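Here is how the chains run, residue by residue.
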Amino acid sequence: MQNIGAVILAAGGSSRFGQPKQLLPFRGKTLVRTIIDAACEAGCSPVVVVIGSNGETIHPEVAHANVLEARNTNWRSGIGSSICSGVRALISHAPDVEAILLLVCDQPAVNARTIKGLVATHEATNSDIAASRYADTLGVPALFDRSFFEELLSLDDETGAKSIILQNRQRVAQFAFPEGAIDIDTWEDWEKLNGGSSSPKTMGTAITKIAIRQRR
């Protein structure tokens, strides 16, 4: 495996959800810790976690892992600002890194096997980008080699990395990942994932318990 780092985007305000999605409990862990562990298990190094909104609450989940933390004080301006913060922090810490994987917290189906599959696709095809294919589109998780670092750093604040993928399709290797279509934007999304068993009240109680545990 090449020297591949990972940037996990965990700075968003979860405005449509109403509570920090990063701290939702999923299979015994929070969503942010689930993706951190997946990146580390897959061999990504270094791993940078970008936090912003609810930073003090999310920080303990990051501090307890062997990862780097990047604070995006400009997180309200959009996802592009978080991508820039994470890529800048990763390159600063590991200037020789050959590629960067972009990951988010609200795709619960992503695991170490998914990440290894993306890396294997990149290495087998010698592609500049390896992107996940789901729901008739391409998106994250996605891997970008060094030739795209400057473009990642130059993204407008409100623009995500998908724009780079779609503008450079001839340089993209596709990794079939239909489960990537499962993301958590609303309570309805979360209820579907949990078979209708969750609710704002019960999930709010679970998140409060996590916060109390962190303070101990």
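Residues numbered from 1 in each chain as written. Predicted model: local features only at pLDDT ≥ 70, side-chain atom pairs only at ≥ 80, totals over all residues. Heavy atoms only, no water.

1. Some points on the confidence of the model for the protein
Confidence along the protein averages 87 in pLDDT terms, with 85% of residues attaining 70 or more. Within the model, the stretch residues 196-216 combines pLDDT values under 50 with 30 contacts to residues more than four positions away or in other chains. (pLDDT = per-residue confidence, 0-100. Contact = heavy atoms within 4.5 Å.)

2. Let's talk about the environment of Ala10
Turning to its location among the elements, Ala10 is positioned in strand 1 (residues 4-10). Residues Ala10 and Ser53, 43 residues apart in the sequence, show an inter-C-alpha distance of 8.4 Å. Contacts of Ala10, omitting those with residues within four sequence positions, involve Gln22, Val32, Val49, Val50, Ile51, Gly52, Ile58 and Cys105. (Helix = DSSP H or I, 4+ residues; strand = E, 2+ residues; numbered from the N terminus.)

3. A look at the packing of aromatic side chains
Enumeration according to the criterion identifies two aromatic pairs in this entry. Seen in terms of ring centroids, Phe144 and Phe148 are 6.4 Å apart; in terms of plane orientation they differ by 70 degrees. Their pairing is edge-to-face. Across the pair, Phe148 and Phe144 agree in class, each one buried. (Phe/Tyr/Trp six-rings, centres within 6.5 Å; stacked < 30°, edge-to-face > 60°. Buried < 20%, exposed > 50% of the residue type's maximum accessible area, 1.4 Å probe, protein only.)

4. A short note on the pattern of salt bridges
Going through the model one piece at a time under the given rule, you end up with six salt bridges. For Asp37, the salt bridge identified is with Arg33, shortest N-O distance 3.1 Å. Note that Asp37 and Arg33 are positioned in helix 1 (residues 31-41) at a spacing of four residues, about one turn of the helix. One salt bridge in this structure joins Arg71 and Glu69, with 2.7 Å as the shortest N-O distance. The partly exposed category is assigned to Arg71, whose relative accessible area is 40%. The class of Glu69 is partly exposed, set by a relative accessible area of 30%. Within this structure, Lys29, Arg33 and Asp37 form a network of salt bridges that share partners. (Salt bridge = Lys/Arg side-chain N within 4 Å of Asp/Glu carboxyl O.)

5. Here we look at the packing of helix 1 against helix 4 (residues 112-125)
Between helix 1 and helix 4, the shortest axis-to-axis distance is 8 Å and the interhelical angle comes to 45 degrees. On the basis of the axis angle, helix 1 is oblique to helix 4. Crossing handedness for the pair helix 1 and helix 4: right-handed. Residues Ala38, Ala39 and Glu41 of helix 1 form the contact with helix 4, whose own contacting residues are Ala112, Ile115 and Lys116. For the contact of helix 1 with helix 4, a count of residues per class yields four nonpolar, no polar and two charged. (Axes fitted to C-alpha atoms, helices over the stretch in contact; angles between N-to-C directions. Parallel < 35°, antiparallel > 145°, perpendicular 65-115°, else oblique. Left-handed = near helix turned anticlockwise from the far one by under 90°. Nonpolar A, V, L, I, M, F, W, Y, C, P; charged D, E, K, R; others polar.)

6. Side note on the nonpolar core
Core analysis: the largest hydrophobic core is formed by 32 residues, its most contacted members being Ile8, Ile36, Val49, Leu101, Leu103 and Ile115. Counting residues per element, the ones that place at least two in this core are strand 1, helix 1, strand 4 (47-51), helix 2 (55-63), strand 6 (99-104) and helix 4. Per-element accounting of this core gives the leading share, five residues, to helix 1. Residues Ala11, Val104, Ile164 and Ile165 belong to the second largest nonpolar core, which totals 27 residues. (Core = buried A, V, L, I, M, F, W, Y, C linked by side-chain atoms within 4.5 Å.)

7. Here's the deal with helix 3 (residues 79-93)
Taking 1.5 Å per residue as the helical rise, helix 3 with its 15 residues ought to reach 21 Å, and the 21 Å between its terminal C-alpha atoms agrees with that figure. For helix 3, every residue scored as buried is listed here: Gly80, Ser81, Ser82, Ile83, Cys84, Ser85, Gly86, Val87 and Leu90. (Expected span 1.5 Å × (residues − 1).)

8. Some details on the side chain of Asn168
Structurally, the position occupied by Asn168 is in the loop between helix 6 (162-167) and strand 9 (172-176). A distance of 2.7 Å separates the side chain of Asn168 from the backbone oxygen of Ile164, its partner in a polar contact. (Polar contact = N/O pair within 3.5 Å; in protein donor to acceptor, adjacent residues only side chain to side chain.)

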